[in-house]
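Now for the letters of each chain:
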Amino acid sequence: NNMAMAGEKYQSLMDMVKATNDETDVGGVVWLEHVNLTIADKENTETFYFGVLGLSRDPSKVFGDTIWANIGRQQFHLLVAKNDDPPTVVDGVIGLFMNKLQPLRERIAKFGPRLKNTKFACVGDKKGTLELIGPYGNRFMVHSDEDIDPSEMTVGNDDVPLLAARHEFMKKTFSVKGGPGIRYVHFNVKKGTAHRIMNFYTRMLGTIGTQLSPDHTAVCMGPNVSLSFKEGDVSEASKEAQKRLHVAIYVTNFKSKLKAMHDNKIAWTNPRFTYLDTCDDQEMAIRCRQFRFKDFVDDNGKFFELEHETRAVTHLDCYKNIFFEAPK
């Protein structure tokens, strides 16, 4: 179904990004820190994320079966699959922002041949956007603002103070707080669920939701970051391939959100990460300063699944320093 987005995919995703750029407020979710994916092997993963995309290797994860690939103030957490599990493939698009695309084109030419035995491909190159398929089938839209004059950012005068001018400039861009980052994750979802997903987020997490069209919604995940949900045909195979995906977010009013998850019986301890956190008991979740959930429910039952590692703003990793060197 991802291929069916061809033609209008760029415009619809760009419209989504602009529509969810609230000027001042972010709601109950204040930041999306990382996207966690399982991978098949380290070599092809490192070639793609560090070679092709030019992300920075987090120095805390140099050895072992886990790779952290940093972009701006966010990360991809990439875990080698266990027990012959297949790699995670998002049924949708991961949207990134980078300052310039020409260096990315050059890295594709340099490192792309090393991925010839994978699913890697560059399938679109339109002004301001490059579309890539990662080595396991994940689709990436890499956006840039190369056509915007950066001198506009510093324009101020007696009528428009400098900060007002700079924020007006930021509204024109696709950047994540003025630089590279994970701008959005866009999901293909079952018919009749896009508005229900948005309502779940606003009810359970206090997010700001946007109804982009009758079958397309988005929710704010912090400054200049969104999750997007557009209805289409969803196969059982695509649902299975998306398993083991999770996003890590920081929320306000942590205890009340934790209680709501328990009241709805959807707080969930991931057996893969019991060494890190558990939330079957609310008191232990508070001590861990995070909980997880994956089931989206309403009065008609469960209708969507996506794991969220949900953290308090007082979590020790909130505002942590993330090493990132912008690729040349």
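Attention in this report is confined to the structure presented alongside it. (Residues numbered from 1 in each chain as written. Predicted model: local features only at pLDDT ≥ 70, side-chain atom pairs only at ≥ 80, totals over all residues. Heavy atoms only, no water.)

1. Observations concerning the pairing of strand E4 (residues 74-80)
When a strand is regular, its side chains alternate between the sheet's two faces. Quick note on the threshold: Exposure classes here rest on a 1.4 Å probe applied to the protein chains alone. A residue is buried below 20% of its type maximum, exposed above 50%, and partly exposed in between. Helix and strand assignments follow DSSP, with helices taken as H or I runs no shorter than four residues and strands as E runs no shorter than two, numbered in order from the N terminus. At least two bridges found by DSSP between two strands is the condition for calling them paired.
With 7 of its 7 residues buried, E4 lies for the most part within the structure. By the alternation rule, side chains of E4 split into Gln74, Phe76, Leu78 and Val80 and Gln75, His77 and Leu79, which are all buried. In this structure, strand E1 (residues 29-39) lies alongside E4, joined through 6 bridges in parallel fashion. Bridge pairing in E4 links Val35 to Phe76. In this structure, strand E3 (residues 66-71) lies alongside E4, joined through 6 bridges in antiparallel fashion. Within E4, the residue paired with Ala69 across the bridge is Phe76.

2. What to know about the packing of aromatic side chains
Note the threshold: Each Phe, Tyr or Trp ring (for Trp, its six-membered ring) is paired with any other whose centre lies within 6.5 Å, and the angle between the two planes then decides the class: stacked below 30 degrees, edge-to-face above 60, tilted in between. Criterion for a charge above a ring: Arg CZ or Lys NZ at most 6 Å from the ring centre, at most 35 degrees from the ring normal.
Counted under the stated rule, the structure contains 19 aromatic pairs. On the numbers, 5.1 Å between centres and 75 degrees between planes, the contact of Phe296 with Phe304 is edge-to-face. The buried category is assigned to Phe304, whose relative accessible area is 11%. Three or more aromatic residues joined by ring pairs form one cluster here, namely Phe187, Phe200, Tyr201, Phe229, Phe293, Phe296, Phe303 and Phe304. When the ring centre of Trp68 is taken as origin, the NZ or CZ atom of Lys61, which lies over that ring, is 5.0 Å away. The ring of Trp268 carries the charged tip of Lys294 above its face, separated from the ring centre by 5.1 Å.

3. Thoughts on the environment of Phe48
Here is the rule we go by: Contact definition: two residues touch when any of their heavy atoms are within 4.5 Å.
Structurally, the position occupied by Phe48 is in helix H2 (residues 42-52). Residues Phe48 and Met204 lie 156 residues apart in sequence; the distance between their C-alpha atoms is 36 Å. Among all residues touching Phe48, those that are not within four sequence positions of it are Leu53, Leu115, Phe120, Leu132, Ile133, Gly134, Pro135 and Phe140.

4. So, the sheet that holds strand E10 (residues 209-213)
Just so we agree on the cut-off: As a rule, the C-alpha atoms of each element are fitted with a line to give its axis, helices using only the stretch in contact, and angles between N-to-C directions run from 0 to 180 degrees.
The strand order across the open sheet built from 8 strands is E6-E7-E8-E5-E9-E12-E11-E10, with neighbouring strands paired in mixed fashion. Strands with a single pairing partner mark the edges of an open sheet, and in this sheet they are strand E6 (121-126) and E10. Each strand of the sheet is rotated relative to its neighbour by a mean of 20 degrees, with strand direction disregarded. The pairing of strand E7 (residues 129-133) with strand E8 (residues 139-143) spans 5 bridges and is classified as antiparallel. Following the sheet pairing, Ile133 is matched in E8 by Arg139. On the sheet, helix H3 (residues 102-111) packs against E6, E7 and E8 and is oriented at approximately 25 degrees with respect to E7.

5. Considering the nonpolar core
Which entries qualify depends on this criterion: By nonpolar core is meant a set of buried Ala, Val, Leu, Ile, Met, Phe, Trp, Tyr and Cys residues that side-chain atoms within 4.5 Å join together.
In terms of nonpolar packing, the biggest core is built from 72 residues, with Tyr49, Leu53, Phe76, Leu96, Leu104, Tyr201 and Leu227 touching the most fellow members. The contacts of Tyr201, once residues within four sequence positions are left out, are Gly206, Thr207, Val219, Met221, Leu227, Phe229, Phe296, Leu306 and His308.

6. Examining the sheet that holds strand E13 (residues 246-251)
As summarised here, the arrangement of the 7 strands in space is E2-E3-E4-E1-E13-E15-E14, forming an open sheet in which the pairing is mixed. Whereas interior strands pair on both sides, the edge strands pair on one side only; in this sheet they are strand E2 (56-57) and strand E14 (290-298). Lying over the sheet, helix H5 (residues 194-204) contacts E14 and strand E15 (301-312), oriented at roughly 135 degrees with respect to E14. Against the sheet, helix H7 (residues 254-263) touches E13, E14 and E15, its axis set at about 50 degrees to E14.

7. Overview of the side chain of Ser228
The criterion, for reference: Whenever two N or O atoms come within 3.5 Å, that pair is a polar contact, provided that in protein one can donate a hydrogen and the other can accept it, and provided that, for residues adjacent in sequence, both atoms are side-chain atoms.
With respect to the element layout, Ser228 can be found in strand E12 (residues 226-231). A polar contact of 2.7 Å, which involves the side chain of Ser228, links it to the side chain of His216. Setting aside residues no more than four positions away along its own chain, Ser228 makes contact with Met16, Val185, His186, Phe187, His216, Thr217 and Ala218.

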